[in-house]
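Structural features, examined
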Amino acid sequence: MSVQQCELVEFPKIEDQRGNLTFIESGRHIPFEIRRVYYIYDVPGWANRGAHGHAALRQILIAINGSFTVHLDDARDQRVEHLCAPNVGLYLPPMIWRDITDFSEGAVCMVLASDFYDEKDYFRNYAKFRKAVESEKDQW
Ligand code: T46
């Protein structure tokens, strides 16, 4: 996997005098069926989240309110995306290390995930993550 495969996805936005409405349809607007939704909120200004990669999980991150910055790393290249719109998501395929920083006051990060929570799917150690990426490359 490469950081180039982390795509920004724009969801429909229906606007009228009463405000805006955005909808996301599983399997249509995102490339997987949603099995879990969670959200991160009340993050103090000094705090970072993430600092891990996933072996198989696919996710979409959305700044449903406020903004934050996502640092992506595939063990070779890095990329940074700033999320600040509730109708734009960032698709993260497996084997991408992510650090999430710079949460604005009141920011809410909503995450749509392809599977249930499973701690065994996490790489929480960067050296082990890098080693796993290297061994995957060896199998190509
Ligand atoms: C990710 C980023 C964007 C659960 O029990 N169920 C869940 O669905 C999740 C996501 C977490 N947890 C537990 C596991 C930990 O004891 O909640 C605690 C905090 O989780 P974590 O430190 O992994 O939280 P973040 O914000 O650093 O990372 C989360 C996701 O875990 C991760 O997949 O990509 O948000």
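Everything that follows concerns the structure shown earlier in this document.
Described below are features of the structure shown in this document. Everything numeric here is computed off the predicted structure, so don't read it as measured data. (Residues numbered from 1 in each chain as written. Predicted model: local features only at pLDDT ≥ 70, side-chain atom pairs only at ≥ 80, totals over all residues. Heavy atoms only, no water.)

**Digging into the side chain of Asp-73**
As a reminder of what qualifies: Helix numbers and strand numbers start at the N terminus; a helix is a DSSP run of H or I with at least 4 residues, a strand a run of E with at least 2. Each polar contact in these results corresponds to two N or O atoms within 3.5 Å; when the atoms are within protein, one needs to be able to donate a hydrogen and the other to accept it, and residues that are neighboring in sequence are counted only if both atoms are side-chain atoms.
Within the secondary structure layout, Asp-73 lies in strand E7 (residues 68–73). At a separation of 2.6 Å, a polar atom in the side chain of Asp-73 contacts the main-chain amide nitrogen of Ala-75. Only 2.9 Å separates the side chain of Asp-73 from the side chain of Tyr-126, close enough to count as a polar contact.

**A closer look at the nonpolar core**
Here is the rule: Buried residues of nine kinds, namely Ala, Val, Leu, Ile, Met, Phe, Trp, Tyr and Cys, make up a nonpolar core once their side-chain atoms join them within 4.5 Å. Each residue's exposure class comes from its accessible area (1.4 Å probe, protein chains only) as a fraction of the maximum for that residue type: buried when under 20%, exposed when over 50%, partly exposed otherwise. In what follows, residue pairs with any heavy atoms lying within 4.5 Å of each other are defined as contacts.
Among the nonpolar cores identified, the biggest contains 19 residues, and Leu-61, Phe-68, Val-70 and Leu-72 are the most heavily contacted of them. For this core, the secondary-structure elements that each account for two or more residues are strand E6 (59–65), E7, strand E9 (88–92) and strand E11 (108–113). The greatest single-element share of this core, amounting to 3 residues, is contributed by E7. With residues up to four places along the chain from it excluded, the contact list for Leu-72 reads Val-3, Cys-6, Asp-77, Gln-78, Arg-79, Leu-90, Leu-92, Ile-96, Trp-97 and Arg-98. In terms of nonpolar packing, the next biggest core, distinct from the first, is built from 9 residues, Phe-32, Ile-62, Met-110 and Leu-112 among them.

**Things to note about the pairing of strand E2 (residues 13–16)**
Along a regular strand, successive side chains alternate from one face of the sheet to the other. Here is the rule we go by: Between any two strands, pairing holds if DSSP finds at least two bridges.
As defined by bridge partners, E2 adjoins strand E3 (residues 19–22) across 4 bridges and the pair is classed as antiparallel. When the bridges of E3 are listed, Glu-15 appears paired with Asn-20.

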